[in-house]
Amino acid sequence: MTSGRAIRVAVAVLAVLAVFIGGVVVGGHAQATGLTRLSDPVRSLLLGDSGQELSKQVLDVLKDDYYVAVDPTQLERTSVQAIVDALDDPYTDYLDPDELEALRAHNDGAYFGVGLQVAQRKSAIVVTHVYEDSPAARARILSGDRLVSVEGKDTAGQALDAVVGTIRGPEGSKVTIGVATAEQPPRVLTLTRARIRVPSVTSRIVTVKGEKVGYVRLAQFTRGSADALRDAVAGLRDKGATGLVFDLRGDPGGLVTEAVGVTGVFLPKGSTVVTTQGLHSPEHVYRTDTSPVAGDLPVVVLVDQNSASASEIVSGALRDAKRARLVGERTFGKALVQSTVLLRDGGALKLTTARYLTPSGYDLAKRGLPPDVKVVDDPATPQNEVLERGLALAAAG
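Residues numbered from 1 in each chain as written. Predicted model: local features only at pLDDT ≥ 70, side-chain atom pairs only at ≥ 80, totals over all residues. Heavy atoms only, no water.

Undergrad: Tell me about the environment of Leu-191, and name the residues and values.
TA: Structurally, the position occupied by Leu-191 is in strand S8 (residues 187–192). When the C-alpha positions of Leu-191 and Ser-173 are compared, they lie 8.5 Å apart, and in sequence the two are 18 residues distant. In this view, Leu-191 contacts Val-114, Pro-135, Ala-136, Ala-139, Ile-141, Ser-173, Lys-174, Val-175 and Ile-177; residues no more than four positions away in its chain are not counted. (Helix = DSSP H or I, 4+ residues; strand = E, 2+ residues; numbered from the N terminus. Contact = heavy atoms within 4.5 Å.)

Undergrad: Can you lay out the packing of helix H10 (residues 256–263) against helix H11 (residues 310–320) for me, pointing to particular residues and giving the numbers?
TA: Where H10 meets H11, the axes come as close as 9 Å, and the angle between the chain directions of the two elements is 30 degrees. Considering the angle they form, H10 stands roughly parallel to H11. Along this stretch, H10 crosses H11, giving a crossing that reads as right-handed. Across from Val-256, Ala-259, Val-262 and Thr-263 in H10, the residues of H11 making contact are Ala-310, Ile-313, Val-314, Ala-317 and Leu-318. Residue classes in the contact of H10 with H11 are distributed as 8 nonpolar, 1 polar and no charged. (Axes fitted to C-alpha atoms, helices over the stretch in contact; angles between N-to-C directions. Parallel < 35°, antiparallel > 145°, perpendicular 65-115°, else oblique. Left-handed = near helix turned anticlockwise from the far one by under 90°. Nonpolar A, V, L, I, M, F, W, Y, C, P; charged D, E, K, R; others polar.)

Undergrad: Hey, could you go over unusual backbone geometry for me, with residue numbers and the actual values?
TA: Apart from glycine, the bulk of residues carry a negative phi angle, and the bulk of peptide bonds sit in the trans form. The phi torsion at Glu-151 lies on the positive side, around 55 degrees, for a residue other than glycine. Here Glu-151 is to be found in the loop between strand S5 (146–150) and strand S6 (153–154). Unlike most non-glycine residues, Lys-209 shows phi in positive territory, near 50 degrees. By the secondary structure assignment, Lys-209 is in the loop between strand S10 (201–208) and strand S11 (211–218).

Undergrad: I'd love a proper account of the environment of Ser-123, names of residues and values included.
TA: Relative to the assigned elements, Ser-123 resides in the loop between strand S3 (116–121) and strand S4 (124–130). As a C-alpha pair, Ser-123 and Gln-158 span 35 residues in sequence and 8.2 Å in three-dimensional space. Residues contacting Ser-123, with those up to four places away along its chain left out, are Ala-156 and Gly-157.

Undergrad: Can you explain the side chain of Thr-331? Please cite residues and give values.
TA: Assignment of secondary structure puts Thr-331 in the loop between strand S16 (324–328) and strand S17 (336–342). Residue classification places Thr-331 among the buried residues on the basis of a relative accessible area of 4%. A polar contact of 2.6 Å, which involves the side chain of Thr-331, links it to the backbone nitrogen of Leu-369. With sequence-adjacent residues up to four places away left out, Thr-331 is seen in contact with Val-303, Asp-304, Gln-305, Ser-307, Glu-312, Arg-367, Gly-368 and Leu-369. (Buried < 20%, exposed > 50% of the residue type's maximum accessible area, 1.4 Å probe, protein only. Polar contact = N/O pair within 3.5 Å; in protein donor to acceptor, adjacent residues only side chain to side chain.)

Undergrad: Can you lay out helix H9 (residues 225–238) for me, pointing to particular residues and giving the numbers?
TA: Over its 14 residues, H9 runs 20 Å from end to end, which matches the ideal 20 Å to within 8%, given 1.5 Å per residue. Listing the buried residues of H9 in full gives Ser-225, Ala-226, Leu-229, Arg-230, Ala-232, Val-233 and Leu-236. Projected down its long axis, H9 carries its buried residues within an arc of 165 degrees, all on one side. Along H9, exposed side chains directed more than 90 degrees from the buried face belong to Asp-227, Asp-231 and Asp-238. In the core, the buried residues of H9 are packed alongside S10, S11, strand S12 (243–247) and H10. A positive backbone phi angle near 95 degrees is found at Gly-240, which sits one or two residues after H9. (Expected span 1.5 Å × (residues − 1). Arc of directions from axis to C-beta.)

Listed below in structure tokens is the structure:
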């Protein structure tokens, strides 16, 4: 082809393209003109790279071209959940607005529900505590039972927060749950939701061979737990306690700020509690900022496989400081930093941002904390073997 002919062809092509593009400008929608069906190089030349996120692009196409109407909000939330699920991290989750509100209520220590404390164990959701005088207690649900369904939907594979969010609801409303005890067939129970006020701290004096031992239990690390524990321990000392048993069995954890405050009940001001490390988070060392009230009383901490998160932080700090002995079973191993990022739909992304290390550098998330004295409760006996052993050790000093 001669140079003159090549120039004439190029001018003709440009003229056609100019008319075509002019139609796009006038017509407005690229899909209506067929530009989106051109080959990649030509389409990129004419339309440019939109830089649009893949998920948004798919949603836009479905809204514009799908054969029936779609719910954009539901599709968007489902796509977000799929992204989160791909991480294969059971503790990172998308919370819709209702689930986020349930999480806030949990952290505040009061909510409307049936009085169950649950935890995720692989694909099962297990009851770790039943609050006294609650709908669940009146239905004779027991710690260790498995929650197999909620509102007729199998709980297997569901995120823990989603299950908890479904159980909770307006006061006086009803919820149907399936509960399995040991190998027995599941029971289907319809319970009426009530206001559940979680008693974060309970305490009492127990006499063991003539010695007064203070017993204090922390149900979970909600707001105000550290102050409540401080008051309880001070009260036990005033009553003449010569040793302390601190029960963290079944405690799923909660707020790290409360864990720091709880540790400060036992360790001197300025003591290291825990260190956080994460790829995008600078290393941070948490230290106690209050003076202890436990004095030099011997301390025994009771733990089990349901002691997690903040429970493990406190247990690790006290053991590393040689301030307490751990009695019971290996802890759960879920000491990870969880952050909540608010999203534009009113929900939130709860994600793992770092890991916790004890003062000695032990990674709490890997295997949990092994006990100093291993004791396992025998469900076939009425005795509380772990508590009895802990009380005996605290009494002996």
